[in-house]
Amino acid sequence: MPVPPDPVLRAAARWLHRLPASGAARCRALFTTHAEFSDITPTQYDAAYAWIRKTGMLDAKDVGVPPEVRIYDAAIVDSGASWLSDADVLVQSPDEIPEDALRAAEALGLEADDAYARIGAAWGKVDAAGRARIGAMGEEALLNLLHASTAAAVEHIAAWSDAHGYDIAVQGQVCSVHLEVKSTLRRGRLTVYISRNEYETMLRDPHWRMVAVQLRPNGEPIAVWTVPSDWIASHVPTDPGVLGRWEACRLNIPSDVLESGIPALAPLLTPTASVLLAATDAG
């Protein structure tokens, strides 16, 4: 649903401010009979109550967070705004806050800087949830491709452990490959996260490869690439000293550095292997 109208947002704030001390019936009677609250209609109060119940704010445990902030967070996430998944690129300063998000901030009395910070937090939650869902889809899609394209043993390591630094192991008679899988629905932009454990595994394990799987929204794979390890090594952060250490980082990978398919798998692929796994000259 879109960001609720300004009166509904203000009504939601009034509900959350007063519900801890008064029941819903008393609050409703106050809102509908007292002149101080007559700037908002009973219908809008009812819509606000239904909305805060739907979004879980009535059951929220973060009661120490100001109601206006909780409402703003819910309004941004619940709106399903098309820009939210790309907010890390589209909203890089308070001046770039989209109109619907800026309107909600003004209705709730939030400063632009505060709204910008909340958008960043909301994007982080949405991005983390989306990455987990898409990541699982990508691993499943690649497993299916591997089972159909090689007679080698294929093991989904990530299904039982995240300590190995890779997700899938392919073990054949002539070679083995350890695949760290990154997945995306985006076209023309590949952003991945690498953990310190994955990076250090890359450094010590010659069989390790990072592969990116591009998916359709239904989980169908449409492209597979290998990210060169030397490129990764040259773009991760450098620890500033013995007292500082990075544990995870985000990499924006240009399309021209990607290798099509998974060249390391070439000795293990059958003649009927998926073309998505085969290395070609096209990137």
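Quick note: structure is the one above.
Analysis parameters
Throughout this document, residue positions are counted from 1 along each chain, in the order its sequence is written. Per-residue local features are limited, in this predicted model, to residues with pLDDT of at least 70; the limit for side-chain atom pairs, both in listing and counting, is 80 or more; totals at the level of whole chains, interfaces and linings are taken over all residues. As a rule here, side-chain values cover all heavy atoms of the structure and leave hydrogens and water aside. We define a salt bridge as a contact between a side-chain nitrogen of Lys or Arg and a carboxyl oxygen of Asp or Glu at a distance within 4 Å. The helix count covers DSSP runs of H or I at least four residues long, the strand count covers runs of E at least two residues long, and both are numbered beginning at the N terminus. Throughout, exposure labels follow a simple rule: accessible area from a 1.4 Å probe, protein chains only, divided by the maximum for the residue type, with under 20% read as buried, over 50% as exposed, and the rest as partly exposed. In this description, a nonpolar core means a group of buried Ala, Val, Leu, Ile, Met, Phe, Trp, Tyr and Cys residues linked to one another through side-chain atoms lying within 4.5 Å. Contact between two residues is taken to exist if any of their heavy atoms lie within 4.5 Å; hydrogens are not considered. Only strands joined by at least two bridges in the DSSP assignment are considered to pair. Fitting a line to C-alpha atoms yields each axis, with helices limited to the stretch in contact; the angle taken between N-to-C directions then spans 0 to 180 degrees. Angle categories: roughly parallel below 35 degrees, roughly antiparallel above 145, roughly perpendicular from 65 to 115, and oblique for all the rest. We call a crossing left-handed when the near helix sits turned anticlockwise from the far one by less than a right angle, and right-handed when that turn is clockwise. Classification used: nonpolar for Ala, Val, Leu, Ile, Met, Phe, Trp, Tyr, Cys and Pro, charged for Asp, Glu, Lys and Arg, polar for all others including Gly. The pairing test for Phe, Tyr and Trp rings, Trp by its six-membered ring, is centres within 6.5 Å, and the orientation test on the planes gives stacked under 30 degrees, edge-to-face over 60, and tilted for anything in between. Comment: the charge-over-ring label is applied if NZ (Lys) or CZ (Arg) is within 6 Å of the ring centre and within 35 degrees of the ring normal.

Draft legend 1. Just the pattern of salt bridges, in detail. Here the structure, examined in full by the defined rule, presents 14 salt bridges. Linking R196 and E200 is a salt bridge whose minimum nitrogen-to-oxygen distance equals 2.9 Å. Taken together, the residues span about one helical turn, with R196 and E200 both in helix α8 (residues 196-204) at a distance of four residues. Note on R196: relative accessible area 10%, which makes it buried.

Draft legend 2. Representation of the nonpolar core. L9, W15, W51, I52, I71, Y72 and W83 are the most contacted members of the largest nonpolar core, which has 41 residues in total. Residue assignment for this core shows that the elements contributing at least two residues are α1 (6-18), α2 (24-33), α3 (42-54), α4 (67-78), α6 (99-108) and α7 (112-149). Per-element accounting of this core gives the leading share, seven residues, to α1. For I52, the contacting residues outside a window of four places in its chain are A12, W15, L16, L19, M57 and L58. Counting residues in each nonpolar core, the second largest holds 23 residues, with A141, L179, V211 and V224 among its members.

Draft legend 3. Spotlight on the pairing of strand β6 (residues 221-227). Across the seven residues that make up β6, a large majority, five, are buried. Linkage of strand β5 (residues 208-215) to β6, two consecutive antiparallel strands, is achieved through a turn of five residues, within which G219 is found at a positive phi near 95°. Alignment of β6 against strand β8 (residues 259-260), held across two bridges, turns out to be antiparallel. Bridging across to β8, T226 finds its partner in E259.

Draft legend 4. The arrangement of the sheet that holds β8 in detail. The strand order β1-β2-β3-β5-β6-β8 describes an open sheet built from six strands, whose pairing is mixed. The open sheet has two edge strands with one neighbour each: β1 (153-156) and β8. Here strand β3 (residues 176-184) runs beside β5; their pairing, made up of seven bridges, is parallel. Looking at β5, one finds that V181 is bridged to V211.

Draft legend 5. Structural context of the packing of α1 against α2. Packing of α1 against α2 brings their axes to within 10 Å, and their N-to-C directions diverge by 135°. By the criterion of interaxial angle, the relationship of α1 to α2 is oblique. Crossing handedness for the pair α1 and α2: right-handed. For the pair α1 and α2, the contacting residues are R14, W15 and R18 in the first and A24, C27, R28, L30 and F31 in the second. In terms of residue class, the contact of α1 with α2 is built from five nonpolar, no polar and three charged.

Draft legend 6. Just the packing of aromatic side chains, in detail. All chains considered together, the criterion is met by five aromatic pairs. Here the aromatic rings of W15 and F31 are separated by 5.0 Å at their centres, their planes lie at 85°, and the arrangement is edge-to-face. Taken as a pair, W15 in helix α1 and F31 in helix α2 lie far apart in primary sequence, 16 residues in all. For W15, a relative accessible area of 0% corresponds to the buried category. Owing to a relative accessible area of 2%, F31 belongs among the buried residues under this scheme. Pairwise contacts between aromatic rings join W15, F31, F37, Y45 and Y49 into one cluster. The ring of Y49 is capped by R28, whose NZ or CZ atom sits 5.5 Å from the centre of that ring. The cationic tip of R131 hangs over the ring face of Y193; the distance from NZ or CZ to the ring centre is 3.9 Å.

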